[in-house]
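Below, each chain spelled out in residue letters.
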Amino acid sequence: MTAVAGRHRLPEAVPTGDVPPPALPPVRRGRAGLLLAALGVGVVVSTLVSAGQGQLDVPADQVLGSVLHRLGVDVLPLPTHPQGDNTLWQVRFPRVALAVLVGAALATAGALMQGLFGNPLAEPGVVGVSVGAALAAAFVIVFQVTLLGAWTVPAFAFAGGLVTTLAVYALSRADGRTEVVTLVLTGIAVNAVCSAGLALMLFLGDTAAREEIVFWQLGSLNGTRWAHVAVVAPCVGIGLAGALALSRRLDVLALGDRAARHVGVDVERVRVAAIVLVALLTAAAVSFAGIIAFVGLVVPHLVRMVVGPGHRVLVPASALGGALLLLWADLFARTAVAYADLPIGMLTSLVGGPFFFWLLRRTRRTAGGWA
Amino acid sequence: MNAPLVASGVGVELGGAPVLHDVDLEVRLGELLVLVGPNGAGKSTLLGVLSGDQVPQRGTVTLDGRRVASLRAGELARRRAVLPQENRLAFGFRVVDVVRMGRAAWAGRPEEDRDDLVVAEALRRSDVTHLAERVYPTLSGGERARTSLARVLAQETALVLLDEPTAALDVRHVELVMAQARELAAAGHAVVAVLHDLTLAAAHADRVCVLADGRVRAVGAPRAVLTADLLSTVYEHPLEVVDLDGRLLVLPHRHPQEALC
Ligand SMILES: Nc1ncnc2c1ncn2[C@@H]1O[C@H](COP(=O)(O)OP(=O)(O)O)[C@@H](O)[C@H]1O
Ligand SMILES: [Mg+2]
């Protein structure tokens, strides 16, 4: 095996006097670092601001004071309102935490899926994976399955997400790549079938189940409890870590399956890993927050415009960006109209729909992205 | 062993139709082997079989005595690099990032330390250093082809398989790419290139393999293989082979008057 191993370096440049080897263009570390830092600070600040807003207003310094107090540091004022501390810890913080987790999960799932499909229009909501996960979860509600306790809904959602991701992948892939048109049409078909399933669940369910399913089709973070956060957090943690571990190989997938294999990437393994991670992240997001579409489309796209398509930056930046987006969307959802909690999925679709259309037209026009 | 990559008795069927019949071919170190033949002769398919993309239905392809199909993607990528006929990219990576992808198989090994050096050298050799910061999908066809060649060079493999590396290039870059292929061969690599320009093949090849209808019609030194008789039969068009001061030119017959001049 040694005849061709390791002895075939690129011939050294022909020495032509003292010409130094050409310098490589700089890696854009500065820009990436700046973006990640800005997004990180943005998430922390937005969390504190968002947690203070609502029917009972708590100023941001008092929110921070309350958090620090629980950590044993008493430098900032505690909430002055008698119900302030209670509201923060019972209602606001779990909700804000879930917004961060769900936003990060959806944006990361979008980035992963786009890398996997080699197509900037792939997204769990667009191609029907969210609805697939939702259908499996609705099944749990209607038939009152309680096999796995608090984990029943996420487990079913994961199974549903996995089946739909596999189906979309198998149906839209031809000759090692996915054309935009095929992907979008596959998404329509999968969405249609899964929506029909959801409609059947609505039909079969009793009034309480119906209400829960409808609420959830719209997507909302209303009524989040710490128990939900405790289930979602580990899923998102695993999903994010997996996505980061795959990032260099996801870059190479942009060459297409065949060329990716030529440079040494085990395409089948990356593909399986990415599909499982997408299903896990989508299930984590859908289980308690319902269908929130387009986050995974908008956020990675904006990140790519700033720092380019490399997944080592794209994945963490999308996670932070998704968290930031959902924090503000949720704040808007619960404060825009007094005494009303707007469905957050409606808001993201309102903005994401036109964005999707713009992206579709742009992708068709430009050479990139296999129009 | 001088011939690390050997195809013997290779037969391939695609979509039910036979594409390669009983192909025997040795790829030798220190040699530029040029594959020629009409469109649809099976050149890309043969390259696919040699590179491990395609498992032949009949016969075997071995790399240092082991079946290519049994090697894992990483193992294979450290031994052979492939320039496909078509090179697409899904996202707007910069040229330098694309060339860096060629180093993927060396990640986590001592050779990784050479990454920057090798990438810079590969960019220079393909004459794309000035494009390093450009975004790949915005390049012209020829610039993309050269970027992809740089990616292949950066892989630093003993075996280099090139499918029509000169198809989209201007005259200067055709010569540049062929010079690179020659240099690699001179440095001990084994290079296989599919070419359409028979004069180019005659000028640069150590050996030429003529493929037609999925069969090897001749393999050997350019002068022995590129004869008017064989080429006219294979290409189904009258061709002339002219020796101009020691250089072999292959010219198609045009109008009878022109041929008389
Ligand atoms: N996937 C496929 N299915 C069916 N036929 C194929 C396929 N790929 C190639 N072919 C056929 O095999 C023959 C050889 O193709 P190819 O190796 O690409 O030829 P070339 O010598 O021009 O590179 C052609 O007739 C082509 O139409
Ligand atoms: Mg071909």
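Cut-off values and rules
- Within each chain, residues carry numbers counting from 1 in the order of the written sequence.
- As they are written, the chains are lettered A onward and the ligands numbered 1 onward, keeping that order.
- Local features are withheld for residues below a pLDDT of 70 in this predicted model, meaning they are given only at 70 or higher, and side-chain atom pairs are given and counted only at 80 or more; totals for whole chains, interfaces and linings count all residues.
- With hydrogens and water stripped out, all remaining heavy atoms of the structure feed into the side-chain values.
- Labels follow the DSSP assignment, with helices taken as runs of H or I lasting at least four residues and strands as runs of E lasting at least two, numbered in each case from the N terminus.
- Think of it in three bands: with a 1.4 Å probe and only protein chains considered, a residue is buried below 20% of the maximum accessible area for its type, exposed above 50%, and partly exposed in between.
- Residue contacts are counted whenever heavy atoms from the two residues lie within 4.5 Å of one another.
- In these tables, accessible area is a Shrake-Rupley quantity obtained with a 1.4 Å probe, and a residue counts as shielded only by the protein chains included in the view.
- Positive: Lys, Arg. Negative: Asp, Glu. His and the chain ends are not part of the count.
- For this purpose, a charge sits on NZ of Lys, CZ of Arg, CG of Asp or CD of Glu.
- Near, as used in this document, describes a residue that has one of its heavy atoms within 4 Å of the molecule or strand being considered.
- In the analysis that follows, any N or O atom pair within 3.5 Å is treated as a polar contact, provided that within protein one partner can donate a hydrogen and the other can accept it, and provided that, for residues neighboring in sequence, both atoms belong to side chains.
- Amino acids are sorted into nonpolar (Ala, Val, Leu, Ile, Met, Phe, Trp, Tyr, Cys and Pro), charged (Asp, Glu, Lys and Arg) and polar (every other residue, Gly among them).
- We call an atom a donor if it is N, O or S and sits within 2.8 Å of the metal, or 3.2 Å for Na, K and Ca. Water is not counted, so some sites may look partial.
- Segment limits for the domains were obtained from an automatic or database-derived domain assignment.
- Once two parts are brought into contact, the accessible area they lose, counted with a 1.4 Å probe and summed over both, makes up the buried area.
- Each salt bridge in this description consists of a side-chain nitrogen of Lys or Arg and a carboxyl oxygen of Asp or Glu lying within 4 Å of one another.
- The pairing criterion for strands is at least two bridges between them, as found by DSSP.
- The axes are straight lines fitted to the C-alpha atoms, using for helices just the contacting stretch, and the angles between their N-to-C directions are given from 0 to 180°.
- Between 30 and 60 degrees the pair is tilted, below 30 it is stacked and above 60 it is edge-to-face, where a pair is any two Phe, Tyr or Trp rings, Trp via its six-membered ring, whose centres lie within 6.5 Å.
- The patch calculation keeps residues exceeding 30% relative accessible area without a salt bridge and links them within 9 Å when they carry like charges or within 5 Å when they are nonpolar (Val, Leu, Ile, Met, Phe, Trp, Tyr).
- Detection works on a 1 Å grid of protein atoms alone, calling trapped sets that fit a 1.4 Å probe cavities and calling open sets with protein on both sides within 12 Å along at least five of seven lines pockets, with lining residues defined by an atom within 4 Å of a point.
- Grid points are joined across faces, edges and corners, and a volume is the space filled by probe spheres set on the points.

Asker: What exactly am I supposed to notice about the overall build of chain B here?
Answerer: Of the regular secondary structure elements, chain B holds 10 helices and 12 strands. Its C-alpha atoms put chain B at 60 × 40 × 35 Å along the principal axes. Counting every position in chain B, which comprises 261 residues, the buried fraction comes to 56%. A sequence separation of at least 24 residues applies to 63% of the contacts in chain B between residues at least 6 apart. Counting every atom, chain B has about 10700 Å² of accessible surface; 50% of that belongs to carbon and sulfur. The centroid of the 29 positive side-chain charges in chain B is displaced by 4 Å from the centroid of its 34 negative side-chain charges.

Asker: Where do I start with the site of ligand 1 in this structure?
Answerer: All names here are of chain B. The local shell around ligand 1 consists of Leu14, Val19, Pro38, Asn39, Gly40, Ala41, Gly42, Lys43, Ser44 and Thr45. One of the backbone nitrogen or oxygen atoms of alanine 41 is found 3.2 Å away from an oxygen atom of ligand 1. Compared with its free state, where it exposes 560 Å², ligand 1 has 55% of that area covered by protein. Among the elements that make up the shell around ligand 1, the one with the highest residue count is helix α1 (residues 43-51) (three residues). Across the shell around ligand 1, the residue classes tally to four nonpolar, five polar and one charged.

Asker: Looking at this structure, I do not really get the coordination of the magnesium ion (ligand 2). What am I missing?
Answerer: Under perfect tetrahedral coordination by four donors, a metal shows angles of 109.5 degrees; under perfect octahedral coordination by six donors, it shows angles of 90 or 180 degrees. All names here are of chain B. Summarising the metal site, the magnesium ion (ligand 2) is bound by the protein donors Ser44 (OG) and Gln85 (OE1), whose distances to it range over 2.0 to 2.5 Å. Of this pair, serine 44 sits in helix α1 while glutamine 85 sits in the loop between β6 (80-83) and α3 (95-101), and the two are 41 residues apart along the sequence. A relative accessible area of 43% places glutamine 85 in the partly exposed class.

Asker: Explain the domain arrangement of chain B to me, please; I cannot follow it from the model alone.
Answerer: As a measure of interface size, the accessible area lost when the parts come together is often cited. All names here are of chain B. Split into domains, chain B comes out as domain 1 (1-79 + 157-221) and domain 2 (91-156). Computed over C-alpha atoms only, the centres of domain 1 and domain 2 are separated by 22 Å. Taken residue by residue, the interface counts 16 residues in domain 1 and 15 residues in domain 2. With both chains or domains summed, domain 1 and domain 2 bury close to 1300 Å², and 62% of this area falls on carbon and sulfur atoms. The tally of links between domain 1 and domain 2 comes to two salt bridges. The closest approach of N and O atoms between arginine 125 and glutamate 183, which form a salt bridge, is 3.0 Å.

Asker: What should I look at first to understand the sheet that holds strand β10 (residues 215-220) of chain B in this one?
Answerer: Within a beta sheet, neighbouring strands are joined by backbone hydrogen bonds and run either parallel or antiparallel to one another. Residues and elements named next belong to chain B. One open sheet accounts for six strands, arranged β6-β7-β8-β3-β9-β10; its pairing is mixed. Strands at the two margins of the open sheet, each flanked by one partner only, are β6 and β10. Ignoring which end each strand starts from, the neighbouring axes of this sheet average 15 degrees apart. Direction of pairing for strand β3 (residues 31-36) relative to strand β9 (residues 207-212): parallel, over a ladder of four bridges. Bridge assignment links valine 36 to a residue of β9, and that residue is valine 210.

Asker: I would appreciate a short explanation of the packing of aromatic side chains in the present structure.
Answerer: Aromatic ring pairs are described here by two measures, namely the spacing of the ring centres and the angle between the planes. Residues and elements named next belong to chain A. In total, this model carries six aromatic pairs over all chains according to the counting rule given. Relative to phenylalanine 356, the ring of phenylalanine 294 lies with its centre 6.1 Å away and its plane at 50 degrees, an arrangement referred to as tilted. Here phenylalanine 356 lies in helix α14 (residues 344-365) and phenylalanine 294 lies in the loop between α11 (267-289) and α12 (295-307), a separation of 62 residues in the sequence. Residue phenylalanine 356 is classed as buried on the basis of its relative accessible area, which comes to 16%.

Asker: What's the story with the environment of proline 343 of chain A in this structure? I'm lost.
Answerer: Residues and elements named next belong to chain A. By the element assignment, proline 343 lies in the loop between α13 (311-335) and α14. Between the C-alpha atom of proline 343 and that of alanine 105, which follows or precedes it by 238 residues, the distance is 19 Å. Not counting the four nearest positions on each side in its chain, proline 343 is found in contact with Leu218 and Gly219.

Asker: In this structure, what is going on with the interface of chain A and chain B? I would like to understand it.
Answerer: Tallying the contact residues gives 42 residues for chain A and 57 residues for chain B. When chain A packs against chain B, close to 4400 Å² is buried across both sides, 64% of that on carbon and sulfur atoms. Taken together, the connections running from chain A to chain B amount to two salt bridges. In this structure, aspartate 53 of chain B and arginine 258 of chain A form a salt bridge, with 3.8 Å as the shortest nitrogen-oxygen distance. Here chain A and chain B share five residue pairs in polar contact (both at pLDDT 80 or more) between them. Every element with two or more residues in the side of chain A that touches chain B is listed here: α3 (84-117), α9 (226-253) and α10 (257-262) of chain A. Among the elements that take part in the side of chain A that touches chain B, α10 of chain A stands out by supplying four residues, more than any other. Looking at the side of chain A that touches chain B, its residues break down into 22 nonpolar, 10 polar and 10 charged.

Asker: What should I look at first to understand a nonpolar patch on the surface in this one?
Answerer: All names here are of chain A. A surface patch of nonpolar side chains, amounting to about 430 Å² of accessible area, comprises Leu64, Leu71, Val73, Val75 and Leu76. Structurally, leucine 71 can be placed in the loop between α2 (60-70) and α3. A relative accessible area of 64% places leucine 71 in the exposed class.

Asker: How should I be thinking about the layout of surface pockets in this particular structure?
Answerer: Picture a little ball the size of a water molecule; that probe, rolled over the atoms, points out where space is still empty. One number sums up the size of the second largest pocket: a volume of about 800 Å³. As for the second largest pocket, its lining consists of 32 residues, of which Asp175 and Arg258 of chain A together with Pro84, Gln85 and Glu86 of chain B are closest to the centre. Elements represented by at least two residues in the lining of the second largest pocket include exactly α10 of chain A together with α1, β6 and α5 (141-154) of chain B. Considering each element in turn, the lining of the second largest pocket owes the most residues, five residues, to α1 of chain B. The residue inventory of the lining of the second largest pocket, partitioned by class, reads 12 nonpolar, 11 polar and nine charged.

Asker: How should the pattern of salt bridges be read in this particular structure?
Answerer: Oppositely charged side chains are able to pair whenever their charged atoms sit close together. Summed over the entire model, instances satisfying the criterion amount to 30 salt bridges over all chains. Two residues, aspartate 341 of chain A and arginine 95 of chain A, come together in a salt bridge whose shortest N-O distance is 2.8 Å. Of this pair, aspartate 341 of chain A sits in the loop between α13 and α14 while arginine 95 of chain A sits in helix α3; the two residues are 246 residues apart in sequence, bridging distant segments of the chain. One salt bridge connects arginine 94 of chain B with aspartate 97 of chain B, and the closest N-O pair in it is separated by 3.3 Å. Assessed through its relative accessible area of 8%, arginine 94 of chain B is described here as buried. According to the relative accessible area criterion, aspartate 97 of chain B is partly exposed, its value standing at 22%. Members of the salt-bridge network, linked through shared partners, are Arg173, Asp257, Arg261, Glu268 and Arg271 of chain A.

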